[in-house]
Amino acid sequence: MIIAITRDVSPAMVDCELTHFSRQPLDIELAYHQHHAYEDALKTLGCQVQRMPADPELPDSVFVEDAAVVLDEIAIITRPGAISRRPETASIAMVLKPYRQLYTIDAPGTVDGGDVLCIGNNIYVGLSTRSNMHAIEQMQDILSPHGYVVLGIPVSGCLHLKSAVTLLSKETLLINPAWVDATIFGDMQVLEVDPLEPYGANVLWIGEGAIYPANFPRTRQRVEEAMKKLGIGLSVVDVSELQKAEGAVTCCSLILQS
Ligand code: CIR
């Protein structure tokens, strides 16, 4: 069974962290509806959605991806780079506890799950403003007994590594080459975003399907063509309000096999 852990939009999301975006009016009611439509798309892809209640004290808590890194064998509870986001991890740890043995990242390490891209046994961690070498060393200690290699890689111009690159299939990357160097990932197939849509590299691929935002039509066409060849269907969701909080589609769920 595939489980998708999500968390309802916080009424405080208007006070979210912003790094590369300026604050825009955010329609919370619309954000709720968009988030629920995203959860419906997860269900269409065969996930059992486990939704946590909203936390009015934690503006960014809808972005559950940043609080943990879940692998088949274990899960790591992160220490998010933004101080305001650190209290998010306690409740995520409680939800993950029945499914995985848990490890934690300790000070001075910081890492956001949005910076962690797993490709086979390679775990790439973006050295963004949120994630540092201390966390990468701790992740190496935790993960090398399980056969993983943890690699810190440069990323610039965006919030997280997964703003710049995500997996479209086991062998294919969707990437913005302006923000991360594609050659780092070896001989993977590469699909580039349309240059007019720099934020279009974040796709949530789950087995036979994928979820993609509605507002990158040029890149979406490229993605749809590539996915047709791979036999993968695309669910398109409007996540405009979550994007105003600098979120994307991978960051609103933690996906795990149970
Ligand atoms: C933040 O700055 O932490 C939030 N406003 C957005 C986090 C988005 N997370 C992600 O893409 N993994």
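Since the model is a prediction, treat every value here as computed from it, not as a measurement. (Residues numbered from 1 in each chain as written. Predicted model: local features only at pLDDT ≥ 70, side-chain atom pairs only at ≥ 80, totals over all residues. Heavy atoms only, no water.)

## Some words on the site of the ligand
We apply this condition: The near set for a molecule or strand comprises every residue that places at least one heavy atom within 4 Å of it. Pairs of N or O atoms within 3.5 Å make up the polar contacts considered here, provided that, within protein, one atom can donate a hydrogen while the other can accept it, and that residues adjacent in sequence are counted only when both atoms are side-chain atoms. All accessible-area figures derive from a Shrake-Rupley calculation using a 1.4 Å probe, and residue coverage is judged against the displayed protein chains alone. When residues are grouped by polarity, Ala, Val, Leu, Ile, Met, Phe, Trp, Tyr, Cys and Pro land in nonpolar, Asp, Glu, Lys and Arg in charged, and all others, Gly among them, in polar.
Close to the ligand lie 14 residues; Asp60, Glu65, Asp66, Arg130 and Ala245 are nearest. Contact distances for the ligand include 2.8 Å between a nitrogen atom and a side-chain N or O atom of aspartate 66. Protein burial of the ligand: of its 350 Å² of free accessible surface, 98% is covered by the chains. Of the residues that constitute the shell around the ligand, the class distribution is four nonpolar, three polar and seven charged.

## Overview of the side chain of serine 163
Note the following rule: Under the DSSP-based scheme used, a helix requires at least four consecutive residues in state H or I and a strand at least two consecutive residues in state E, with every element numbered from the N terminus. Contacts are assigned to residue pairs with any non-hydrogen atoms lying within 4.5 Å of each other.
Looking at the element boundaries, serine 163 is found in helix α4 (residues 161–164). Ignoring any residue separated from it by four or fewer positions in sequence, one finds serine 163 in contact with Cys158, Trp179, Pro198 and Ala201.

## Quick notes on the sheet that holds strand β6 (residues 116–119)
Quick note on the threshold: Two strands are counted as paired when DSSP detects at least two bridges linking them. Axis definition: a line fit to C-alpha positions, over the contact stretch in the case of helices; interaxial angles, taken between N-to-C directions, run 0 to 180 degrees.
Pairing in this open sheet of three strands is mixed, and the strands run β6-β7-β8 from one edge to the other. The open sheet has two edge strands, β6 and β8 (149–154), and neither has a second partner. Between one strand and the next, the sheet's axes are offset by a mean angle of 25 degrees, whatever the strand orientation. Here four bridges tie β6 to strand β7 (residues 122–127), and the two strands are oriented antiparallel to one another.

## Digging into the nonpolar core
For clarity, the cut-off: Working definition of a nonpolar core: buried Ala, Val, Leu, Ile, Met, Phe, Trp, Tyr and Cys residues. They are joined through side-chain atoms within 4.5 Å. Any residue under 20% of the maximum accessible area for its type is buried, any over 50% is exposed, and the rest in between are partly exposed; the area is computed with a 1.4 Å probe on protein chains only.
Counting 24 residues, the largest nonpolar core has Met13, Leu42, Phe63, Ile211 and Leu242 as the members making the most contacts within it. At the level of secondary structure, the elements contributing two or more residues to this core comprise α1 (28–44) and β12 (204–206). Considering every element that reaches this core, the biggest residue donor is α1, with five residues. Excluding its chain neighbours within four sequence positions, the residues that come into contact with phenylalanine 63 are Met13, Arg85, Glu88, Leu242, Ala245, Gly247, Cys251 and Cys252.

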